[in-house]
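# Structure assessment
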Amino acid sequence: MVLSLSRPISLGAYEKFWCLDGSSRHRKRVSSIVCMDVDAPSRFIPTAPILVPEGPWKQIPGGVTAAKGFKAAGIFGGLRAKGEKPDLALARAVLINAGQANAATGDAGYHDVVECAHSVAKLLQLNKESVLVQSTGVIGQRIKKEALLKSLPRLLSSLSATVEGADSAAVAITTTDLVSKSVAVEAEVDGDTSTNDSVIALASGLAGLDKISSLNSTEAVQLQACLDSVMQGLAKSIAWDGEGATCLLEVTVSGANNEAEASKIARTVASSSLVKAAVYGRDPNWGRIACAVGYAGIDFDLNALQLSLGDIPLMHSGQPLPFDRAGASSYLRMAGDTHGTVEIHISVGMEASHISSMLPLHCCKIIHLVRHAQGIHNVEGEKNHNAYLKEELFDARLTPRGWKQVDNLRKHVIACGLSKKIDLVITSPLLRTMQTAAGVFGGQSLVDGVKGPPLMVENVGNSDHLAISSLDCPPFIAVEACREHLGVHPCDRRRTISDYKKLFPAVDFSLVNSTFDYIRLEQVKWVENYGGFSLGFGKRPVANGSEE
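The model shown is predicted, which means the values in this text are computed figures rather than measured ones.

Turning our attention to the overall build of the chain. Counting its secondary structure elements, the chain contains twelve helices and 20 strands. With 548 residues in all, the chain has 46% of them scored as buried. Here the chain displays about 28000 Å² of accessible surface, and carbon together with sulfur accounts for 53% of that area.

In contact at an axis separation of 11 Å, helix 1 (residues 106–124) and helix 2 (residues 145–157) are set at 20° when each is read in the N-to-C sense. One element, helix 1, and the other, helix 2, form an angle in the roughly parallel class. At the point where helix 1 passes helix 2, the crossing takes the right-handed sense. Side by side, helix 1 and helix 2 meet where Asp112, Glu115, Cys116, Ser119, Val120, Leu123 and Leu124 of the first sit next to Lys145, Leu148, Leu149, Leu152, Pro153 and Leu156 of the second. Taken together, the residues of the contact of helix 1 with helix 2 break down into nine nonpolar, one polar and three charged.

Let's shift gears to the UniProt feature "binding site: substrate" (unreviewed entry) in the chain. In the numbering used here, UniProt assigns the feature "binding site: substrate" (unreviewed entry) to Glu243. For glutamate 243, the location among the structural elements is in the loop between helix 4 (218–240) and strand 10 (248–254).

The next subject is the environment of aspartate 167. If you trace the backbone, aspartate 167 turns up in helix 3 (residues 163–172). Each C-alpha atom, one on aspartate 167 and one on threonine 47, is 9.6 Å from the other, the two residues being 120 residues apart in sequence.

Taken together, the five strands give an open sheet; going across it, the order is 10-14-11-12-13, and neighbouring strands pair in mixed fashion. Sheet topology places strand 10 and strand 13 (319–320) at the edges, where each strand pairs with a single neighbour. Summarising the sheet, strand 10 and strand 14 (residues 341–347) pair through seven bridges and their orientation is parallel. Along strand 14, the bridge assignment pairs serine 254 with serine 347. Docked against the sheet, helix 5 (residues 259–271) engages strand 10 and strand 14, running at close to 150° with respect to strand 10.

The pairing of strand 11 (residues 306–309) with strand 12 (residues 312–316) spans three bridges and is antiparallel. Considered in strand 12, the bridge of leucine 309 is made with isoleucine 312. Connecting the antiparallel pair strand 11 and strand 12 is a turn made up of two residues, with glycine 310 showing a positive phi of about 60°. Pairing geometry for strand 12 and strand 13, over two bridges, is antiparallel. Each bridged residue has a counterpart across the sheet, and for histidine 316 the counterpart in strand 13 is glutamine 319.

Turning our eyes to something else, we now look at empty space enclosed by the protein. In this structure, the largest cavity occupies an estimated 70 Å³ of space. For the lining of the largest cavity, the secondary structure elements donating two or more residues are helix 6 (273–280) and helix 7 (286–294). Take the lining of the largest cavity: its biggest share by element is three residues, from helix 6. Considered class by class, the residues forming the lining of the largest cavity number nine nonpolar, one polar and two charged.

A few words on the packing of aromatic side chains. Inspection of every chain in the model, using the stated rule, returns one aromatic pair. Relative to phenylalanine 509, the ring of tyrosine 500 lies with its centre 6.3 Å away and its plane at 10°, an arrangement referred to as stacked. Looking at tyrosine 500, the relative accessible area reads 0%, which means it is buried. Residue class for phenylalanine 509 comes out buried when judged on its relative accessible area of 5%. The side chain of arginine 282 reaches across the aromatic face of tyrosine 280, ending 5.8 Å from its centre.

Another point: the nonpolar core. Within the largest apolar cluster, 30 residues are counted, with the highest numbers of intra-cluster contacts made by Val269, Leu305, Val342, Ile344 and Ile346. Beyond its immediate sequence surroundings of up to four residues, valine 342 is in contact with Cys247, Leu248, Leu249, Glu250, Val279, Leu309, Tyr331, Leu332 and Ala335. Residues Phe441, Leu455, Val460 and Phe504 belong to the second largest nonpolar core, which totals 28 residues.

What follows covers the pattern of salt bridges. The full count for this structure, using the stated rule, is twelve salt bridges. Across the pair arginine 493 and glutamate 391 runs a salt bridge, and its minimum N-O distance is 3.1 Å. Of the two residues, arginine 493 sits in the loop between strand 18 (476–478) and helix 12 (497–503) while glutamate 391 sits in the loop between helix 9 (376–383) and helix 10 (400–415), which places them 102 residues apart along the sequence. You can call glutamate 391 partly exposed: its relative accessible area is 48%. Note that aspartate 492 and arginine 432 form a salt bridge whose closest N and O atoms lie 2.9 Å from each other.

Attention now moves to the pairing of strand 11. The alternating pattern of strand 11 places Gln306 and Ser308 on one face and Leu307 and Leu309 on the opposite face, and all of these are buried. Pairing between strand 11 and strand 14: four bridges, direction antiparallel. Pairing of leucine 309 across the sheet is with isoleucine 344, part of strand 14.

Cut-offs used in this document
Residues numbered from 1 in each chain as written. Predicted model: local features only at pLDDT ≥ 70, side-chain atom pairs only at ≥ 80, totals over all residues. Heavy atoms only, no water. Helix = DSSP H or I, 4+ residues; strand = E, 2+ residues; numbered from the N terminus. Buried < 20%, exposed > 50% of the residue type's maximum accessible area, 1.4 Å probe, protein only. Areas by Shrake-Rupley, 256 points an atom, 1.4 Å probe, with all protein chains shown as cover. Axes fitted to C-alpha atoms, helices over the stretch in contact; angles between N-to-C directions. Parallel < 35°, antiparallel > 145°, perpendicular 65-115°, else oblique. Left-handed = near helix turned anticlockwise from the far one by under 90°. Contact = heavy atoms within 4.5 Å. Nonpolar A, V, L, I, M, F, W, Y, C, P; charged D, E, K, R; others polar. UniProt positions renumbered as here; feature names shortened; annotations may be inferred. Pairing = 2+ DSSP bridges. 1 Å grid on protein atoms, 1.4 Å probe; cavity = no way out; pocket = protein on both sides within 12 Å on 5 of 7 lines; lining within 4 Å. Points joined across faces, edges and corners; volume = space filled by probe spheres on them. Phe/Tyr/Trp six-rings, centres within 6.5 Å; stacked < 30°, edge-to-face > 60°. Lys NZ or Arg CZ within 6 Å of the ring centre and 35° of its normal. Core = buried A, V, L, I, M, F, W, Y, C linked by side-chain atoms within 4.5 Å. Salt bridge = Lys/Arg side-chain N within 4 Å of Asp/Glu carboxyl O.

Now the structure itself:
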């Protein structure tokens, strides 16, 4: 399979995925190819640095011509105002011209495109519907059709499967670019937009692989990962080569509810004129960054906002931090002087990119505190405080609204990546707290045939909630010292540990010394340490008045 993506405005590249079968059906390669090798010298303009993300692939030489069945060429067709570099390109059946965008040219511009496409189809002996035409250049100007049509035979005769052919085609579709952009990666498989921005996917059909029938298959996932890396690399190189740009501004956002919200915040900051002016002026003005985050239109807790410029923390928990202003300014100056990258890190939620600490982060553990969701006692108590004394509220369970709160928090924890970073879940031995903990940090809903004890059995607390698996989740441990202080309210009393073990089979209750509940905390002495918690107990009264 070959997938070709092109963005001909201010971009000298096509992107391609391709597969080659070896002699064995088990030796399959999936590659993402864009125009020319970054190390290959260009005959016309330099090549841009491509910032490809790290991943299970490697950067390789190649271009559109590397894919099996693809050829390319770029020639001087007399379409540019200055004939300093190629202006007419052909790759497979995509005809691209530079110099005239042919946008906002009415019916005349449309008929020009149709005639050019028909001419290419006739020369290549293809159906006219198989030919695509792309134009880049000055908006409002029609294609120099006569010059283009006259150059087609020479363009077709220049087609080749060489890197030079890909190089000339890449340059032919540039406009104000100072550099051309291209990248090729290989993996093994077992702001403002222009009127002419476009993406095209092409397949030669010569790879011989089976069709990818599922988006969840290994081949599809690997293909998508390669495509993402190439698109990210090219996007950065396009911004890097922007007109008047002195550096690349890269904004990373974490803690948002979803990718769309994070993207909106990042785009708002990156496109802020005030932020860009501060970066250009070497002014580490964090207020402009915070301002842009604020007017991005995404709701977040202001007290959770964190900002960093490179490795320099500027704001934590919504409060400004003292920082080395001269060092931050020097960081901006160095990036501008070397046409480098300025990194801005933003966190608007639970997942923080940069956390201030007296110790290195690898020596620290982050503790996230989560209160239980709404319980039946909360609802009754808000109506009448005396309702807390009702015996029917003993060991209060979650309400339906409470379970919705649990589901929402679970989605957020998964979306921000926190679910993969939790090493241990500590919960107090009360029904509502263990329901909350299991619902947020537990595994998926338990289905028949899954091995291992459930974290929570079905219908706990008459909730009609499905059982929750103990697989693919951190260990859970119940700790009595985490409990709310006991008093006269039945909702704060718990069941026996024996009862809880039946409801939450995978929760570790070994640190709870008493299977029975006690009714008051007076004269209780905490003596035994577990990690950072004081968990031990002295003698304590139990419900029947005796002591353990």
